[in-house]
Amino acid sequence: MFPLQRDRRLRKNQSIRSIVQETRLSPADFMFPVFICEGEKQRISIPSLPGIFRMSIDELQREAQEIYQLGIRAINIYVKVDDRLKDNIGTEAWNPNGLMQKAIRAIKEVCPEMIVMPDVALDPYSMYGHDGIVKNGKIENDLTLDALVKMAVSQAEAGADFVAPSDMMDGRVLRLRKGLDSAGFSDVGILSYSAKYASALYGPFRDALDSAPKTSDVEVPKNKKTYQMDFANRIEALRETLKDIEEGADIVMVKPGTSYLDIVREVKDHVHIPVAVYQVSGEYAMVKAGSEKGWIDHDQVMMEQLMCIKRAGASLITTYFAKEAAVLLNK
Ligand code: PBG
């Protein structure tokens, strides 16, 4: 009680603040999402994601070494697939010489210590821009699982450390765990996007991969709301997460980040495995746009948001800011 307690004593100067600081960030907290395209020496900018590029594999190798030097230890890979290779079932997703498989091998070749976590979902390979196989105007859960297993096993064969299912089909974690085990990959882990919401913040990511749901002459759902979660829901996030852990997930993820920190904390309080958070493309784009206008301070807002995500309970943060934040932290 005042005047015996004066909380401002612990905020008096930077040294005191630093010894009572409860949460600290380090480059090893970050995972860096990368977008890969065909070709050589390609570094194609993405207008809605300033500072992020679609890279060819040679550029990816340089990038991987650079971020490793900065202290970042994990990469999430997403591929921009040529339209000619897209179909309804995602056949290209398990091509042993597909872009994803080549990207995984290429990173491991130059940076074997880097933890490589390819995305497991059909959307970049789907002619309809959906994470599942479309049949009679619906997304077919169980048929999609067969495709996901083939995809994950081919990624494991290429050298993936973890596979990262982001599609929100029911039962995928168990099927992936069994599929990996029976193919001899019992030590390849699963990072599950367990509580992934149907968010409007994924727009710039879909620009990067040209992977938004498409209109077509057959009936195709216009959005992902039959598989991604309703952002009005909280208990459902816990149910999804606990189920994924029972099914064999090693790391669970909440996505998006900043607007969902109540969910992050709730999940953190209920599980005993690492919780990852995806600070998504729209969150990144808003900070870039606001700071370009001069309305907010880029670096301060970036560090505040990352710190708050960690404070909420994230052990790992997938963020397009990974490099910039690591550079600042290393200063
Ligand atoms: C697709 C996937 C998406 C993101 C990661 N994996 C987009 C979507 O669900 O439509 C979004 C990430 C971001 O916005 O940064 N499986």
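See the structure above.
What this report covers is the structure whose coordinates are included nearby. What you see as residue numbers is a count from 1 along each chain, following the sequence as written. Selection of residues for local features in this predicted model requires a pLDDT of at least 70, selection of side-chain atom pairs for listing and counting requires 80 or more, and totals for whole chains, interfaces and linings are taken over all residues. Based on all heavy atoms of the structure, the side-chain values leave hydrogens and waters out of the count.

## A word on the layout of surface pockets
In this approach the atoms are scanned with a rolling probe the size of a water molecule, which exposes any empty space left behind.
Stage number 1. For the largest pocket, the calculated volume is near 220 Å³.
Stage number 2. Around the largest pocket, the lining residues are Gln14, Arg17, Val20, Gln21 and Glu22.
Stage number 3. Put simply, Ala, Val, Leu, Ile, Met, Phe, Trp, Tyr, Cys and Pro go in the nonpolar bin, Asp, Glu, Lys and Arg in the charged bin, and everything else, Gly too, in the polar bin. Taken together, the residues of the lining of the largest pocket break down into one nonpolar, two polar and two charged. Points on a 1 Å grid over protein atoms alone make up a cavity when a 1.4 Å probe fits among them but cannot get out, and a pocket when they form an open set with protein on both sides within 12 Å along at least five of seven lines; lining residues each have an atom within 4 Å of a point. Grid points are joined across faces, edges and corners, and a volume is the space filled by probe spheres set on the points.

## Quick notes on the pattern of salt bridges
Stage number 1. Note on definitions: salt bridges are taken to be side-chain nitrogens of Lys or Arg within 4 Å of carboxyl oxygens of Asp or Glu. Counted under the stated rule, the structure contains 20 salt bridges.
Stage number 2. Ionic pairing is found between Arg43 and Glu63, a salt bridge with its closest N-O pair at 3.3 Å. Here the residue Arg43 occupies a position in strand β2 (residues 43-45), and Glu63 occupies one in helix α2 (residues 57-69), the gap between them amounting to 20 residues.
Stage number 3. Between Glu324 and Lys288 there is a salt bridge whose closest N-O contact spans 3.0 Å. Of the two residues, Glu324 sits in helix α11 (residues 322-330) while Lys288 sits in helix α9 (residues 281-292), which places them 36 residues apart along the sequence.
Stage number 4. Only protein chains enter the accessibility calculation, which uses a 1.4 Å probe. A residue is then buried if its area is under 20% of the maximum for its type, exposed if over 50%, and partly exposed in between. Judged by relative accessible area, which is 29%, Glu324 ranks as partly exposed.
Stage number 5. Classification of Lys288 as buried rests on a relative accessible area of 9%.
Stage number 6. Linked by salt bridges that have partners in common, Arg43, Glu59, Arg62, Glu63, Glu66 and Lys323 make up one network. Runs of E in the DSSP output that reach at least two residues are strands. Runs of H or I that reach at least four are helices, and both are numbered from the N terminus.

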